[in-house]
Amino acid sequence: MGETDTLRPDSVRVAVLQFDVLRGQPQKNLERVLAGLEQAAERGAQLLVLPEMWATSFAAAGGPFGSAQAQAAAIQATCEVQRLAGTAAARLGLALVGSGFGPESHCGRPPNRLTWQEGGQVRLAYDKVHRFGPTGEPLAFARGCEPPQPLAWRGLLAAGVVCYDLRFGPLFEELLVAGVELLCVPCQWPTPRQSHLEALARGRAVELQAFVVVANRCGRESLGRRGRWLEFGGGSLILGPDGQPLAQAGDGEGLIWADLDPERARELRRQVPVRADWAGPDYARWRGRRGDA
């Protein structure tokens, strides 16, 4: 899509900024995001989605990842750069979605919190429910205990989840029932499982009959208790409600964008009424037989 493309009155333009999130360098990450906001605004975007933990990456998250003082500093830095990015987004007329350290929880660990900022305000917050065990996330982050909530935005019903959440189907049941039409997914998804990210994102788009916007990072970083080096191949995606890509990034830094027509999702839902055919009460009954909570 070119810079001079005209946005149709009944569509919204969304963008993804894919970049190498620098560990513990919030100012440099902020500079990259501020430049990305300007680029997105120049292209007529109304929403910009950023990678998971975009302000600081997973640095100094407490426990085995750093001291309590380092954790507090990371939380404070995240709060400040998110505020500055949100102010810049408001000035440019964009909504901004990403995740980062939330306030410290009752258990002494912060959540990995997705925020939707618009007009200088946080309109939506969601704490990542599923923490990735192989890199020690359960030791460093509090688990979110509430499902993602929908938000009315520019004629679409939108929501967000974070990275590893994509693997867990039951999390999306409430979004299906609510009729969510746009799902934003900040990620730090490593290259060895890149095909899983694409498959899961496309599956969620088809399942929800919704647009899915995945913002993955690129670059290389040492993560977790054992300091494992992980490669991140980007591959950010903007998917239609049929699971087909509207835009896709390569493995380097850059901006992608696409126009979303809400009527496209609604027409698909009229043709194949998945929500009407959903057997949710039976699922609940089967879980009760197993003794699930």
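Residues numbered from 1 in each chain as written. Predicted model: local features only at pLDDT ≥ 70, side-chain atom pairs only at ≥ 80, totals over all residues. Heavy atoms only, no water.

Asks: What is the right way to read the layout of surface pockets from this model?
Replies: If a probe as big as a water molecule is rolled over the atoms, it shows which places are left empty. Taken as a whole, the largest pocket spans an internal volume of roughly 210 Å³. Per-element accounting of the lining of the largest pocket gives the leading share, four residues, to helix 2 (residues 68-92). Of the residues in the lining of the largest pocket, the class split is five nonpolar, four polar and two charged. (1 Å grid on protein atoms, 1.4 Å probe; cavity = no way out; pocket = protein on both sides within 12 Å on 5 of 7 lines; lining within 4 Å. Points joined across faces, edges and corners; volume = space filled by probe spheres on them. Helix = DSSP H or I, 4+ residues; strand = E, 2+ residues; numbered from the N terminus. Nonpolar A, V, L, I, M, F, W, Y, C, P; charged D, E, K, R; others polar.)

Asks: Looking at this model, I keep getting lost on helix 5 (residues 194-208). Mind explaining?
Replies: Two residues of an α-helix separated by three or four positions point the same way, owing to the 3.6 residues in each turn. Along its 15 residues, helix 5 runs 21 Å from first to last C-alpha, staying within 8% of the 21 Å computed at 1.5 Å per residue. For helix 5, every residue scored as buried is listed here: Gln194, Leu197, Leu200, Ala201, Arg204, Ala205 and Leu208. The arc that holds every buried residue of helix 5, seen down its axis, measures 140°, which confines them to one face. In helix 5, those exposed residues whose orientation departs by more than 90 degrees from the buried face are Ser195 and Ala199. On its buried side, helix 5 packs onto helix 4 (173-178), strand 8 (182-187), strand 9 (211-216), strand 11 (228-233), strand 12 (237-239) and helix 6 (262-271). Once helix 5 ends, the next one or two residues include Gln209, with phi positive near 50°. (Expected span 1.5 Å × (residues − 1). Buried < 20%, exposed > 50% of the residue type's maximum accessible area, 1.4 Å probe, protein only. Arc of directions from axis to C-beta. Contact = heavy atoms within 4.5 Å.)

Asks: Explain the pairing of strand 4 (residues 112-118) here, please?
Replies: Along any regular strand, the residues point their side chains to alternate faces of the sheet. In terms of burial, strand 4 is a largely internal element, six of the seven residues being buried. Sheet analysis places strand 3 (residues 95-101) next to strand 4, joined by six bridges and oriented antiparallel. Following the sheet pairing, Leu96 is matched in strand 4 by Gln117. Here strand 4 pairs with strand 5 (residues 121-127) via six bridges, running antiparallel. Each residue of the ladder has a partner; that of Trp116, found in strand 5, is Leu124. Hairpin connection of strand 4 to strand 5: two residues between the antiparallel strands, including Gly119 at a positive phi of 60°. (Pairing = 2+ DSSP bridges.)

Asks: Which parts of the structure should I look at to understand helix 2?
Replies: Taking 1.5 Å of rise per residue, 25 residues should cover 36 Å, and helix 2 covers 36 Å from first to last C-alpha, within 8% of that figure. The secondary structure elements touched by the buried residues of helix 2 are helix 1 (26-42), strand 3 and strand 4. Taken from the residues just after helix 2, Gly93 is the one with a positive phi, measuring 80°.

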